[in-house]
Structures are given as C-alpha cells and as structure tokens.
Amino acid sequence: MTTHIACLGDSLTRAQLSVDYLDLLERRHRPGGVRLNRFGANGDFAFNLLQRLDAVVDDPPDVITVLIGTNDARASLPGYPIEQAIRRKQLPERPSAGWFQQCLGTVVDRLRTETDATIGLLSLPVLGQQLDGAAAQASQAYSRMIAEVATANKATYLPLHERQIEELRQADPLPIPYRELTPAAGVGVLFRHAVLRRSFDTISQRRGLVLTTDHIHQNSRGATLIAEVIDTCLPPRST
C-alpha cells in the first residue's frame, strides 16, 4: 500500500535553497511506500498558501503536512523588507500574528472539509541559532500559534521547533547573530551550490551554522529533523 503525502509550505518545501526534506522522507520508506507531492513556493506567507489549495484538494492525499509561517515570523523582526514582501507576494494587508493564525486556521478548515486526509501542522524551524535572540524567539512565538491552530482545528501538531531547539542545545553552537536574508545573499547561496558545486552542508559548515545555510534554509541536519517529525504523522502501513 502506497501512502500519498502532500507537503505544503514555502521555500523550505520547494528546496532550492535547502536540503530537500521530501527526498529524505522518501528514503526513510521502502520503494513505493510513499508518493510525495510538493506544494512549496518561495517566500510564501500563510495567506499565499491559502490561495494555492485547489491543486491539493483536486488530488486528495492520505496525509497533508503543512510547514508555513517562517516568512510570517521573519516579517515581525526589525530589518525585514516588509514593503517589498507585500508587493512581491501581493499581500492584501501587512503581515501580523493575528492574520497568520486566521489564514492558517482557514487553510486547515478547508483541508479538513474537502479531504479525508490526516493533517499535520509542523512548528517552525528555529530562526538563527541564538536561542535567546529575537529571531529564535519569533519562530518560537509563531510555533506556539501553530500549536493553538492545530488544537482548535483538531489537526496533528508536529513539534519540529522543539526538536530543533533540543538539537541546538546539544550542539552548543557558536553565538552567531541572526542576519536577515537579502536577495543578494540568496543568490550567493544558489551560486555556491549550483555553480561552484558546494553542498549545502559545506556552505553551512563554513559559516559556523548547525542546522541552516543562512539562518533560515536547512542543511542536512535540519532537513533530517523535518523528515523525522513528519514520519511520526504517517500511518503504520507506509513503513
């Protein structure tokens, strides 16, 4: 029996700047055990994901995972280019915590109404690696909102943020300050990976980062935690 899984999210799910957690998830199962559909779009907010659900419900999966909110959390931080994001992503209002919860709740409500899938909401990867820093605290605050949405909408809460916090505490990483990702920095990562053929893990290691390449996008260690957390949501028949 093959389990059909739809993975919804932003650039972490699209996996141009991150190690591909869908690939890692597939490798954890026997050949043919899972069929994965990718629904990731770079820079998406919860609002944008809400607009993209037709393709998901048109081919109803057995399991739906939702990893969204990193950009919503980033937008709460000083220095985030919020006006550019509003224009680029055609947002009808300024991102806020309340709007994020509203949009995510509507996402889950529609998926529950129009599919019979098990729905798993992942908490966010840790932003940066200074656990007492503003970025990490923002990802923690938005993860709490995700937990609230999961409880209110009877979805499964998948504690990715908590797993990554534990991993970072065990690693005792260098206290490298969080830096907001600029378009030029993103292009730089792509150039190093696609042109210079450096792995995301090499890029990460050279920057002293434990789970990410750029404080946001995941290296193998970070992406493996995503795959492991999703695996707990899957029915026994897929293993």
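Scroll up to find the structure.
Every chain is numbered independently, its residues counted from 1 as its sequence is written. Per-residue local features of the predicted model are confined to residues with pLDDT of at least 70, and side-chain atom pairs are confined, for both listing and counting, to 80 or more; whole-chain, interface and lining totals are unaffected and use all residues. Excluding hydrogens and water, the side-chain values take into account all heavy atoms of the structure.

Draft legend 1. Here's a closer look at the side chain of D72. The way it works is that DSSP assigns letters per residue, a run of H or I at least four long becomes a helix, a run of E at least two long becomes a strand, and they are numbered from the N terminus. Looking at the secondary structure, you find D72 in helix α5 (residues 70-74). If we ignore the near neighbours within four places in the chain, the residues touching D72 are F45, A46, F100 and Y142. Any pair of residues with heavy atoms lying within 4.5 Å of one another is described as a contacting pair.

Draft legend 2. Here's a closer look at the pairing of strand β1 (residues 3-9). For every residue, the accessible area (1.4 Å probe, protein chains only) is compared with the maximum for its type, and the residue is labelled buried under 20%, exposed over 50%, or partly exposed between those bounds. Counting buried positions over the 7 residues of β1 gives 7, a clear majority of the element. Side chains T3, I5, C7 and G9 project from β1 onto one buried face, and the interleaved H4, A6 and L8 project onto a second face that is buried too. Between any two strands, pairing holds if DSSP finds at least two bridges. In this sheet, strand β2 (residues 34-40) lies alongside β1 in parallel orientation, the contact comprising 7 bridges. Counterpart to H4 in the pairing with β2 is R35. Pairing of β1 with strand β3 (residues 63-67), which is carried by 5 bridges, proceeds in the parallel orientation. Looking across to β3, one finds that G9 is bridged to L67.

Draft legend 3. View of the sheet that holds strand β4 (residues 118-122). Ordered by their spatial adjacency, 5 strands build an open sheet running β2-β1-β3-β4-β5, and the pairing between neighbours is parallel. Every interior strand has two partners, whereas the edge strands, β2 and β5 (156-158), have only one. This sheet shows a mean twist of 20° between the axes of neighbouring strands, independent of strand direction. Its contacts with the sheet put helix α8 (residues 134-152) on β4 and β5, and the angle it makes with β5 is roughly 160°. Lines are fitted to the C-alpha atoms to define the axes, a helix being fitted only along its stretch in contact, and any angle between axes, read from their N-to-C directions, falls within 0 to 180 degrees. The strands touched by helix α12 (residues 220-231) within the sheet are β3, β4 and β5, with β4 carrying the most contacts at an inclination of about 145°.

Draft legend 4. Just the nonpolar core, in detail. We call a set of buried Ala, Val, Leu, Ile, Met, Phe, Trp, Tyr and Cys residues a nonpolar core when their side-chain atoms join them within 4.5 Å. One finds L8, I64, V66, L104, L111 and L121 to be the most contacted residues of the largest nonpolar core, which totals 44 residues. For this core, the elements supplying multiple residues, two or more each, are β1, α3 (46-50), α4 (54-57), β3, α6 (82-88), α7 (97-114), β4 and α8. Residues C7, L17, L67 and V229 belong to the second largest nonpolar core, which totals 32 residues.

Draft legend 5. Just the pattern of salt bridges, in detail. Throughout this description, the term salt bridge denotes a Lys or Arg side-chain nitrogen within 4 Å of a carboxyl oxygen of Asp or Glu. According to the stated counting rule, one finds 12 salt bridges in the structure shown. Here R52 ties to D44 by a salt bridge, and the two come within 2.8 Å at their closest N and O atoms. Assessed through its relative accessible area of 2%, D44 is described here as buried. Across the salt bridge formed by R110 and D54, the nearest N and O atoms sit 2.6 Å from each other.

Draft legend 6. Region of interest: the pairing of β4. The buried fraction of β4 amounts to 4 of the 5 residues, a majority that puts the element mostly inside the structure. As defined by bridge partners, β3 adjoins β4 across 4 bridges and the pair is classed as parallel. Of the residues in β4, the one forming a bridge with T65 is G120. Relative to β5, β4 runs parallel, the two sharing 3 bridges. Bridge assignment links L122 to a residue of β5, and that residue is L158. Following the chain from β4 across α8 to the adjacent parallel β5, one finds a crossover that is right-handed. The definition of a right-handed crossover adopted here requires that, viewed with the strands pointing away, the path from the first strand over the helix to the second runs clockwise.

Draft legend 7. Structural context of unusual backbone geometry. Not every positive phi belongs to a glycine, and A15 is a case in point at roughly 70°. Residue position: A15 is located in the loop between α1 (11-14) and α2 (21-27). Residue A15 is classed as buried on the basis of its relative accessible area of 18%. For Q90, which is not glycine, the phi torsion reads 55° and is therefore positive. Mapped onto the fold, Q90 is located in the loop between α6 and α7.

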